[in-house]
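Structural characterization, general
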Amino acid sequence: MAGLQIGSYLSCPVGRTHRLFSPRYAPEVASFSQGSDARACTKLQICAVASLGESNNGCFDRRQVLTGVGTMLASTCLDNGRALAEKAPKGYAAVVDNNDGYAFFYPFGWQEIAIKGQDIAYKDVIEPLESVSINIVKTDKTDLHELGSPERIAKTLVEKVFTTPSQKSQLIDAKEKDANGKTYYTFEFLAKAPNFTRHALGTVAISDGKFYTLLTGANQRRWGKMEDKLRAVVDSFILLK
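This text gives an overview of the structure that appears in the document.

On to the packing of aromatic side chains. Counted under the stated rule, the structure contains 10 aromatic pairs. Here the aromatic rings of Tyr106 and Tyr122 are separated by 4.0 Å at their centres, their planes lie at 20°, and the arrangement is stacked. One end of the pair, Tyr106, is in strand β2 (residues 102-107); the other, Tyr122, is in strand β4 (residues 120-123), and 16 residues separate them in sequence. The residues Tyr106 and Tyr122 share a single accessibility class, namely buried. Residues Phe162 and Phe189 carry aromatic rings whose centres are separated by 5.9 Å and whose planes lie at 10° to one another, so their mutual orientation is stacked. With Phe162 in the loop between α5 (150-160) and β6 (168-179) and Phe189 in strand β7 (residues 182-192), the pair connects residues that are 27 residues apart, well separated along the chain. When sorted by exposure, Phe162 lands in the same class as Phe189, which is buried. The lysine or arginine in question, Lys177, covers the ring of Tyr184, its NZ or CZ lying 5.6 Å from the ring centre.

Secondary-structure assignment places Val204 in strand β8 (residues 197-207). Look at Val204 and you get buried, because its relative accessible area is 1%. Along the chain, Val204 and Pro150 lie 54 residues apart, while their C-alpha atoms are 9.3 Å from each other. Apart from residues no more than four positions distant in its own chain, Val204 is found in contact with Leu144, Ile153, Leu157, Thr183, Tyr184, Tyr185, Phe187, Phe211, Tyr212 and Thr213.

Parameters and conventions
Residues numbered from 1 in each chain as written. Predicted model: local features only at pLDDT ≥ 70, side-chain atom pairs only at ≥ 80, totals over all residues. Heavy atoms only, no water. Phe/Tyr/Trp six-rings, centres within 6.5 Å; stacked < 30°, edge-to-face > 60°. Helix = DSSP H or I, 4+ residues; strand = E, 2+ residues; numbered from the N terminus. Buried < 20%, exposed > 50% of the residue type's maximum accessible area, 1.4 Å probe, protein only. Lys NZ or Arg CZ within 6 Å of the ring centre and 35° of its normal. Contact = heavy atoms within 4.5 Å.

Now the structure itself:
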């Protein structure tokens with residue numbers, strides 16, 4: 001974590017492991033997440049990042065999700081979880097957390113799992129690298145621009161949080177978008193391990209004193225099949241506060 005500073009911007013619970021994949025659920029990626037020496041993602045690392053100073057059917061699914069998000073943003077019933085869930089596009093289920101102030105869609109059939117340090121997580125029961133998770137830490141910042149550019153934040157997260165010393169990372173893209181009066185940074189990267197490569201997508205945002213991170217991805221060998229579905233997941237993420 002050289003070069004990062006944990007300042008007064010955040011109030012972070014230290015020592016809670018933020019594991020993106022648990023060996024219990026994903027033996028294929030046990031080396032990614034087990035033990036502090038493997039540099040498993042932690043609340044401390046996320047806090048450090050947040051305190052920086054500066055296929056045809058698949059495409060159809062994604063369009064459906066974006067349409068659903070537009071409806072969700074326009075809805076006057078954001079506090080009605082069941083009503084929102086009914087708006088989930090075909091093939092997706094909705095997560096609405098009014099307490100923490102976020103919502104997103106995920107592929108139907110993924111199962112919720114408990115991963116220490118994460119607010120919520122879902123994964124495919126067969127493919128261990130296909131998952132989505134939400135992490136939240138406190139921040140004094142009110143806007144992502146106070147932390148830096150999309151490229152800077154994405155590069156730091158990818159190199160310091162989402163990969164281990166045994167992996168090689170490659171940031172493919174990082175960009176900014178605005179929706180419903182909020183700023184989001186989205187990014188794409190590869191995490192290359194000796195026995196697998198994960199192709200991942202993420203988005204970060206700030207609202208109500210919280211720094212949000214959504215991360216999803218799949219094995220590179222299945223990227224062609226999963227890309228549009230995973231992009232739909234990232235595109236669907238919105239802040240409710």
